Amino acid sequence: MQTDPRHPNLTVLDHPLVRHKVDRLRMSDTPTKTFKELVKELSLLLAYEATRDLPVEDVPISTPLETFTGTQIRGKKTVLVPILRAGLGMVAGAHEIIPAARVGHVGLYRDEETLEPVEYYANVPSDVEERPVLVLDPMLATGGSASAAIDVLKKRGARRIRMANLVAAPEGVTRMGEDHPDVHIFVAALDRGLNGNGYILPGLGDAGDRLFGTR
Ligand code: PRP
Ligand code: URA
């Protein structure tokens, strides 16, 4: 894991397997099937890191040989919140490592002219304030969508929020630090910046289109 003094709200997964997988995602000739598989694998690894400090409690465990004091996760189950649509691609991987997680949804799309997020759907567990929340979205570009999604979640009571992205731009990380300094971000890669259309460079293109074959 790597921390960056410019972005105290950010953890970059620093691992050869992660770098290898992200760079396969970036390749423009990676087919949809492989793209989806890579998103799943990276999402599992991001969810693993993002839940590293979940609270635990002691619990008596009986093995076939003896009883000892073991560990279990304390408190209510985590809620995974994919930002629709591209965030959906990250649910399967995160669920594989946190199978009991609940899943909420926030629907936003980026207006292609203004780059501003437009909300069209929100549904999270009614007791979300008692649960750790992990927001999922492959791309953190300007940060507009993520910031708006977290506004939606906070309005519904969410307090313990983290976010996992595959690729982030420094602009989006900075925006999140300003709007939601309490939300720590876990990414597989921190890229160079944005182009004039708000796309991440070098990036991987439009994550939703590549995941769902709608290019
Ligand atoms: C993409 C991506 C993020 C957003 C990032 O979604 O999945 O949600 O753009 O950009 P931002 O940081 O500048 O807001 P998009 O709006 O393309 O919608 P989609 O998931 O339906 O493809
Ligand atoms: N959304 C994407 O899907 N890709 C980008 O590079 C930026 C926003």
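Refer to the preceding data block for the structure.
Everything numeric in this text was worked out from a predicted model, so none of it was measured.

### Thoughts on the pairing of strand β12 (residues 184–190)
Reasoning step 1: For β12, the tally of buried residues reaches five of seven residues, placing the bulk of the element in the interior.
Reasoning step 2: Two strands pair when backbone bridges link them, and strand β2 (residues 7–12) and β12 are joined in this way by three bridges, in the parallel orientation. Directly across from Thr 11, in β12, lies its bridge partner Phe 186.
Reasoning step 3: Both strand β11 (residues 160–168) and β12 contribute to a ladder of six bridges, which runs parallel. Considered in β12, the bridge of Met 163 is made with Ile 185.

### Examining the packing of helix α4 (residues 144–155) against helix α5 (residues 170–179)
Reasoning step 1: Relative orientation of the contacting elements α4 and α5 amounts to 25 degrees, with a least axis distance of 9 Å. When the axis of α4 is compared with that of α5, the two are roughly parallel. Seen from above, α4 lies across α5 with right-handed handedness. Contact with α4, carried on its side by Gly 144, Ala 146, Ser 147 and Ile 150, involves Arg 175, Met 176 and Asp 179 of α5 and no other residues of that element.
Reasoning step 2: When grouped by side-chain class, the residues that make up the contact of α4 with α5 number three nonpolar, two polar and two charged.

### Here we look at the nonpolar core
Reasoning step 1: Core analysis: the largest hydrophobic core is formed by 33 residues, its most contacted members being Leu 25, Leu 136 and Leu 166.
Reasoning step 2: If you list the elements that add at least two residues to this core, you get α1 (16–26), α2 (32–50), α3 (91–97), β9 (132–136), β11, β12 and α6 (207–212).
Reasoning step 3: Looking at this core element by element, the count peaks at seven residues for α2.
Reasoning step 4: Formed by 27 residues, the second largest nonpolar core is a distinct cluster that contains Val 81, Val 133, Met 176 and Ile 185.

### Concerning the site of ligand 2
Reasoning step 1: Taken together, Arg 110, Met 139, Ala 141, Gly 198, Tyr 199, Ile 200, Gly 205, Asp 206 and Ala 207 form the complete shell of residues around ligand 2.
Reasoning step 2: Measuring from a nitrogen atom of ligand 2, one finds a backbone N or O atom of Gly 205 at 2.8 Å.
Reasoning step 3: In this structure, an oxygen atom belonging to ligand 2 sits 2.9 Å away from a main-chain N or O atom of Ala 207.
Reasoning step 4: For ligand 2, whose unbound accessible area comes to 240 Å², protein coverage reaches 88%.
Reasoning step 5: More than half of the atoms of ligand 2 fall within 2 Å of the grid points belonging to the largest pocket.

Calculation criteria
Residues numbered from 1 in each chain as written. Chains lettered and ligands numbered in written order. Predicted model: local features only at pLDDT ≥ 70, side-chain atom pairs only at ≥ 80, totals over all residues. Heavy atoms only, no water. Buried < 20%, exposed > 50% of the residue type's maximum accessible area, 1.4 Å probe, protein only. Helix = DSSP H or I, 4+ residues; strand = E, 2+ residues; numbered from the N terminus. Pairing = 2+ DSSP bridges. Axes fitted to C-alpha atoms, helices over the stretch in contact; angles between N-to-C directions. Parallel < 35°, antiparallel > 145°, perpendicular 65-115°, else oblique. Left-handed = near helix turned anticlockwise from the far one by under 90°. Contact = heavy atoms within 4.5 Å. Nonpolar A, V, L, I, M, F, W, Y, C, P; charged D, E, K, R; others polar. Core = buried A, V, L, I, M, F, W, Y, C linked by side-chain atoms within 4.5 Å. Near = heavy atom within 4 Å. Polar contact = N/O pair within 3.5 Å; in protein donor to acceptor, adjacent residues only side chain to side chain. Areas by Shrake-Rupley, 256 points an atom, 1.4 Å probe, with all protein chains shown as cover. 1 Å grid on protein atoms, 1.4 Å probe; cavity = no way out; pocket = protein on both sides within 12 Å on 5 of 7 lines; lining within 4 Å. Sits in = over half its atoms within 2 Å of the grid points.

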